[in-house]
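Listed here are the chains, written in short residue letters.
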Amino acid sequence: PPPPPPPPPPSPRPKTYTLDFDGAGDDLTVPVLHDMRSITMWVYRYPTQFNMLQVLIDSPDESVQFNALKNTVFERVYINAADIGENPTVTSIPEGIWSHMHMESFAPSIPSTKLIFMCSRIRTDCLHARMANLYGWDRTLDVAELQVVASGFDQSPLRSGLMFFYSLEEGEGGSVTDMLGFYEYGFIHGASWTM
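1. What to know about the environment of Met195
Working step 1: Relative to the elements of secondary structure, Met195 occurs in the segment after strand S13 (192-194).
Working step 2: The spacing of Met195 and Thr18 is 177 residues in sequence and 6.3 Å in space, taken between C-alpha atoms.
Working step 3: Each residue touching Met195, except ones within four places of it in the same chain, is listed here: Thr16, Tyr17 and Arg130.

2. A few points about the state of the cysteines
Working step 1: Applying the stated criterion to the full structure yields one disulfide.
Working step 2: Paired through a disulfide, Cys119 and Cys126 show a sulfur-sulfur distance of 1.8 Å. Both residues of the pair, Cys119 and Cys126, count as buried.

3. Details of the nonpolar core
Working step 1: Judged by nonpolar contacts, the single largest core of 37 residues is most densely connected at Leu28, Ile39, Met41, Leu56, Ile57 and Phe117.
Working step 2: With sequence-adjacent residues up to four places away left out, Met41 is seen in contact with Leu56, Ile57, Ser99, His100, Met101, Met103, Phe117, Met131, Ala132, Asn133 and Leu134.
Working step 3: Grouped together as the second largest cluster of nonpolar side chains are ten residues, Tyr78, Tyr135, Leu146 and Val149 included.

4. Some words on the environment of Ala107
Working step 1: Tracing the sequence through the fold places Ala107 in the loop between strand S7 (98-105) and strand S8 (114-117).
Working step 2: By relative accessible area, which is 32% here, Ala107 ends up partly exposed.
Working step 3: Distance in space between the C-alpha atoms of Ala107 and Asp35 is 9.8 Å, their sequence separation being 72 residues.

5. So, the pattern of salt bridges
Working step 1: Under the counting rule described, the total for this entry stands at six salt bridges.
Working step 2: Note that Asp58 is salt-bridged to Arg121, the shortest N-O span being 3.2 Å. Within this pair, whereas Asp58 is found in strand S4 (residues 57-58), its partner Arg121 is found in the loop between S8 and strand S9 (128-137), the two being separated by 63 residues in sequence.
Working step 3: Asp58 gets classed as buried once you look at its relative accessible area, which sits at 2%.
Working step 4: Look at Arg121 and you get partly exposed, because its relative accessible area is 32%.

The rules we used
Residues numbered from 1 in each chain as written. Predicted model: local features only at pLDDT ≥ 70, side-chain atom pairs only at ≥ 80, totals over all residues. Heavy atoms only, no water. Helix = DSSP H or I, 4+ residues; strand = E, 2+ residues; numbered from the N terminus. Contact = heavy atoms within 4.5 Å. Disulfide = S-S within 2.5 Å. Buried < 20%, exposed > 50% of the residue type's maximum accessible area, 1.4 Å probe, protein only. Core = buried A, V, L, I, M, F, W, Y, C linked by side-chain atoms within 4.5 Å. Salt bridge = Lys/Arg side-chain N within 4 Å of Asp/Glu carboxyl O.

Function cannot be inferred from these measures alone, as they are strictly geometric.
Below you can see the structure in the form of structure tokens.
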């Protein structure tokens with residue numbers, strides 16, 4: 001018999017829903033376990049930004065801060081499976097395109113029980129962006145693994161060490177569900193669902 005056709009190429013953007021953050025107070029808050037080491041997500045950073053600080057990640061106790069001026073936790077940051085070098089900040093994320101981000105902690109674990117994405121804990125200095133497919137890991141990933149996870153929205157995440165996976169494809173409502181079942185929900189504040 002003839003060989004099967006090759007698989008379709010990875011999608012350059014999500015095929016279904018993503019969360020859209022307006023840069024004016026929207027955020028997503030998710031719980032984390034004490035031994036989480038790294039985070040992976042897809043981010044679309046709009047060319048138009050309303051705030052100088054542009055917070056990508058914050059925490060209620062200020063132990064985790066990743067914004068345009070400061071990075072307190074993540075030793076290594078990869079964009080589209082490439083290490084972006086020393087002192088990475090939000091301004092390292094390209095504007096106007098979907099980018100795959102992977103961030104690894106300095107410490108053996110991320111020092112917070114909750115993470116706030118796209119805005120600060122006091123709802124200021126928010127990032128104008130879209131977000132899809134949020135993963136949390138209890139380990140770092142090697143380059144080959146990053147290339148698999150970064151190869152498109154349609155790829156299944158690696159399971160070893162995966163602590164949570166929010167697909168962000170609910171399309172409605174004010175919460176998101178961990179597809180692995182370890183956590184019940186992450187909570188959306190103001191962000192809208194978009195195709």
